[in-house]
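A closer look at the structure
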Amino acid sequence: MTHPRGGPVAFYYGTDEIDRLAAFDRVVLQGEAYSEQDIASLVVRGVRPLCYLSLTEDTGPPAQWQRSESNPDWGGHFVHVGHPGWSEHVLGKAGEMRRRGFRGFFLDTLNIELTFPDDLPHLLTLVAAIRELTYPDYLLANRGFGLLPQLAELVDGVLFESFTSRWVDNGYAPWPPDVLDVHARYAEMLLGLDVEVFALDYADTPRLAQYAQERAARFGMPCFVSTRDLGTLPS
């Protein structure tokens, strides 16, 4: 899909690359990786930088809100979302990053409906608190299907991560047909809500990247394609 600024949204967890990031409308970044001057440089060029926020996993030092279980892929501890200390921690980071110049937030790790379903009401409460604290900043939720449709009343956009492709042991590959069908039904549901919808996919070949982008386009979703660590930007 073509776009006047090179793309509506980019996800980049590396550092530097300010000039290349300026080609996008919105960029999702790790807050600690960029200075106030970096963020201001993007804003003055018409870019809206969004800061990454994890809402159910904590990669920090041991804390009372952490569960004993951890994410096998990334190593962060799952948390008791309703713990007052966790809410204070997340809202404190949001406030700090707002002062640093970020113009919105990317709300990640929302898919806990199968692992910790009892925490879903607490998670929705936390999203509502972020909305109140940061309004009118842009909020982009990653999936969060177990929170719909209420989530759509609190955020501006929803990202469908891994819409077409997935990580596999030796690289990346499309999802099997039955999963693609399920994802299509979720996409149709999202497009019926009052939110912007985007896709994020992973690829290591031009053919897979093109397939992901073309499939997302059929559902009206701009698609950003990267690698698992979100450490690359398109040339």
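The structure presented is a predicted model; accordingly, all values stated were derived computationally and were not measured. (Residues numbered from 1 in each chain as written. Predicted model: local features only at pLDDT ≥ 70, side-chain atom pairs only at ≥ 80, totals over all residues. Heavy atoms only, no water.)

In this section: the overall build of the protein chain. From N to C terminus, the protein chain includes six helices and 13 strands. Against the 2.2 N^0.38 benchmark of 18 Å for 235 residues, the protein chain shows a C-alpha radius of gyration of 17 Å, consistent with a compact globule. Judged by the C-alpha coordinates and their principal axes, the protein chain covers about 45 × 45 × 35 Å. Once local pairs closer than 6 in sequence are excluded, the contacts in the protein chain between residues at least 24 apart make up 60%. As displayed, the protein chain offers around 11,400 Å² of accessible surface, 51% of which is attributable to carbon and sulfur atoms. With 19 positive and 32 negative side-chain charges, the protein chain shows a spacing of 5 Å between the two charge centroids. (Helix = DSSP H or I, 4+ residues; strand = E, 2+ residues; numbered from the N terminus. Rg over C-alpha atoms; globule rule 2.2 N^0.38 Å. Contact = heavy atoms within 4.5 Å. Areas by Shrake-Rupley, 256 points an atom, 1.4 Å probe, with all protein chains shown as cover. Lys, Arg positive; Asp, Glu negative; His and termini not counted. Charge placed at Lys NZ, Arg CZ, Asp CG, Glu CD.)

Next up on the list: the packing of aromatic side chains. Taken as a whole and assessed by the stated rule, the structure comprises 13 aromatic pairs. With 6.1 Å between their ring centres and 75° between their planes, F24 and F224 make a pair best called edge-to-face. With F24 in strand 2 (residues 24-29) and F224 in strand 13 (residues 223-226), this pair connects stretches of sequence that are 200 residues apart. Under the relative-accessibility criterion, F224 is labelled buried at 5%. (Phe/Tyr/Trp six-rings, centres within 6.5 Å; stacked < 30°, edge-to-face > 60°. Buried < 20%, exposed > 50% of the residue type's maximum accessible area, 1.4 Å probe, protein only.)

To continue, consider helix 5 (residues 177-191). Its 15 residues give helix 5 an end-to-end C-alpha distance of 21 Å, which sits within 8% of 21 Å, the value for a rise of 1.5 Å per residue. Restricting attention to buried positions, one finds in helix 5 the residues L180, H183, A184, A187 and L190. The arc that holds every buried residue of helix 5, seen down its axis, measures 125°, which confines them to one face. In helix 5, the exposed positions angled more than 90 degrees off the buried face are occupied by D178, R185 and E188. (Expected span 1.5 Å × (residues − 1). Arc of directions from axis to C-beta.)

Once that is clear, we can look at the side chain of T134. Within the secondary structure, T134 is located in helix 4 (residues 120-134). Residue class for T134 comes out buried when judged on its relative accessible area of 0%. Side-chain polar atoms of T134 contact the backbone oxygen of I130, separated by 2.7 Å. Beyond its immediate sequence surroundings of up to four residues, T134 is in contact with A94, R98, F105 and L139. (Polar contact = N/O pair within 3.5 Å; in protein donor to acceptor, adjacent residues only side chain to side chain.)

Time to look at the pattern of salt bridges. Taken as a whole and judged by the stated rule, the model has eight salt bridges. For E17, the salt bridge goes to R20, with nearest N and O atoms at 3.6 Å. A salt bridge links R98 to D137, with the nearest nitrogen and oxygen atoms 2.6 Å apart. Here R98, found in helix 3 (residues 84-100), pairs with D137, found in the loop between helix 4 and strand 8 (138-142); they are 39 residues apart in sequence, far enough to count as distant. (Salt bridge = Lys/Arg side-chain N within 4 Å of Asp/Glu carboxyl O.)

A separate point is the confidence of the model for the protein chain. Residues with a pLDDT of 70 or more make up 97% of the protein chain, whose mean pLDDT is 94. This model gives residues 1-5 a pLDDT under 50, and the stretch forms 12 contacts once residues within four places in sequence are excluded. (pLDDT = per-residue confidence, 0-100.)

With that out of the way, let us pick up the environment of S41. Relative to the helices and strands, S41 resides in helix 2 (residues 36-44). Here S41 falls in the partly exposed class, since its relative accessible area comes to 23%.

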